[in-house]
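Architecture and fold: a report
Spelled out, the chains give:
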Amino acid sequence: MLTTIGSKELQIIIQLSGQAMRSFLSQADAKEFKGEAHEAILSFQKDPKDFTDDKIVFYGSDIVNAINYPVRIEVRGMTKEGAAQMVAKGIWGPKRVEAASGITQKLKDLGLSLHIKLAGTSSFEFNVNGVDKSLPIHFLQGAFDDVLKEMDYQPGELIDSRQTKTVIAADGDGTVYDGPRVGILPSLADSPVKDALCSYLKAGGVFMLVSGNDLSRSFKRLVDALPQDVYSRVLVAANGGAELVYVNSKGVAVPISSYRKKALELAQNRSHQQKLDMVYIGDDGSMEGNDYPAFKAIGFQHSVLVASKFLSDYDPALKASYVGGLLQGTQKYLENFLSNRFKSKGQK
């Protein structure tokens, strides 16, 4: 079972998403929206020809510049087997949920094994069934020792994860670095999380970024801000959990060799899984959000929720895990985590 979406399914997603976005833009009242949504609605009503399927896919083809186009379709992680993930962006407000529900039903009617997750304020992400943010967590639980060996993990002065099985996994946008805005793509270098995360990595802990976003973009936003001596302790899971890479000594992303072909099978067969000293940090406690599968996989008692507010649609089971503060919440958790480890070491 591969984690990739086949070429036939790609064309169906493009068609269904394009139709849904054009329907929204043609009916929406620009006066009811602000920012990029307001501008996108006005642009569509001025010239709909700029929003055909081929145009919106083109806008999303260059991942670096895609943030300049608020209405786009991104085909991510394309190989000969297919795409790791597809993302459609361009429906704001309550209509997004309605559109996602309609597309989901059409995919089921066609017998396709795909699912949709909401992301950000105007996107929905398409992945193969079983591929979500829980997948890299379950994979590590079943293949942790092999992964450490492949990434050439080196322990630090405080933590040897070969023995302690220590992993901190975290979402990207709003958790490790700020979310993107039109023309702006914040990274770890700009984040208050940077120093605390670097201290944790220097101590020897393994860190896994688990992003719903494009792999190359997520990798760059994280790794460019890290010192070279911690590369052997960093993993990046992206494209909604469809891909997992490690950072080699030159700062290059190298795919974990067995992930795309074996992750789904390993996640379904829990007999080989081991208990890890692992937490997951995320900023969305909604049961419909893309952090929720990771929270469930790790267990609520090992989850850290850094949302700015605890909203009414959040799972009450996450209340005890709520820290708040977004980036400042992640920074605070990492600082406290490391402080407690130093205390424990001093007691030995």
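Residues numbered from 1 in each chain as written. Predicted model: local features only at pLDDT ≥ 70, side-chain atom pairs only at ≥ 80, totals over all residues. Heavy atoms only, no water.

**Regarding the overall build of the chain**
- Along the backbone of the chain there are 11 helices and 11 strands.
- Radius of gyration (C-alpha) of the chain: 20 Å, near the 20 Å computed for a compact globule of 348 residues.
- Taking the principal axes of its C-alpha atoms as reference, the chain extends roughly 70 × 40 × 40 Å.
- Burial analysis of the chain (348 residues in total) assigns 54% to the buried set. (Helix = DSSP H or I, 4+ residues; strand = E, 2+ residues; numbered from the N terminus. Rg over C-alpha atoms; globule rule 2.2 N^0.38 Å. Buried < 20%, exposed > 50% of the residue type's maximum accessible area, 1.4 Å probe, protein only.)

**Some points on the nonpolar core**
- By size, the foremost hydrophobic cluster in this structure holds 76 residues, and its most contacted members are Phe126 and Leu235.
- With 9 residues, the top contributor of residues to this core is helix 1 (residues 7–27).
- By size, the runner-up hydrophobic cluster in this structure holds 38 residues, among which are Val176, Leu201, Ile281 and Val304. (Core = buried A, V, L, I, M, F, W, Y, C linked by side-chain atoms within 4.5 Å.)

**A closer look at the packing of aromatic side chains**
- Counted according to the given criterion, the structure contains 13 aromatic pairs.
- A centroid spacing of 4.4 Å and a plane angle of 0 degrees characterise the contact between tyrosine 59 and tyrosine 69, whose relative ring orientation is stacked. Residue tyrosine 59 is found in helix 3 (residues 53–59), and its partner tyrosine 69 is found in the loop between helix 3 and strand 1 (72–76); the two are separated by 10 residues along the sequence.
- Given a relative accessible area of 15%, tyrosine 59 falls into the buried group.
- Connected via pairs of aromatic rings, a cluster forms that spans Phe24, Phe33 and Trp92.
- Positioned over the ring face of phenylalanine 310 is lysine 319, at 4.4 Å from the centre of the ring. (Phe/Tyr/Trp six-rings, centres within 6.5 Å; stacked < 30°, edge-to-face > 60°. Lys NZ or Arg CZ within 6 Å of the ring centre and 35° of its normal.)

**Remarks on helix 4 (residues 95–109)**
- For helix 4, spanning 15 residues, the distance from its first C-alpha to its last is 21 Å, which sits close to the expected 21 Å at 1.5 Å a residue.
- Positioned one or two residues after helix 4, glycine 111 has a phi angle of 75 degrees, which is positive. (Expected span 1.5 Å × (residues − 1).)

**Some details on the pattern of salt bridges**
- As enumerated under the stated definition, the model contains 16 salt bridges in all.
- We note a salt bridge from arginine 72 to glutamate 74, for which the minimum N-O separation is 2.6 Å. Just as arginine 72 is buried, glutamate 74 falls in that class too.
- The salt bridge partner of glutamate 74 is arginine 76, with a shortest N-O separation of 2.7 Å. The exposure classification of glutamate 74 matches that of arginine 76, with both residues buried.
- The network of salt bridges with shared partners includes Arg72, Glu74, Arg76 and Arg217. (Salt bridge = Lys/Arg side-chain N within 4 Å of Asp/Glu carboxyl O.)

**As for the sheet that holds strand 2 (residues 85–89)**
- Ordered by their spatial adjacency, 4 strands build an open sheet running 1-2-4-3, and the pairing between neighbours is antiparallel. The two strands at the open ends of the sheet, each matched to only one other strand, are strand 1 and strand 3 (114–119). The mean angle between the axes of side-by-side strands here comes to 20 degrees, regardless of whether they run parallel or antiparallel.
- Relative to strand 4 (residues 123–128), strand 3 runs antiparallel, the two being bridged by 6 bridges. Opposite lysine 117, over in strand 4, you have glutamate 125 as the bridge partner. (Pairing = 2+ DSSP bridges. Axes fitted to C-alpha atoms, helices over the stretch in contact; angles between N-to-C directions.)

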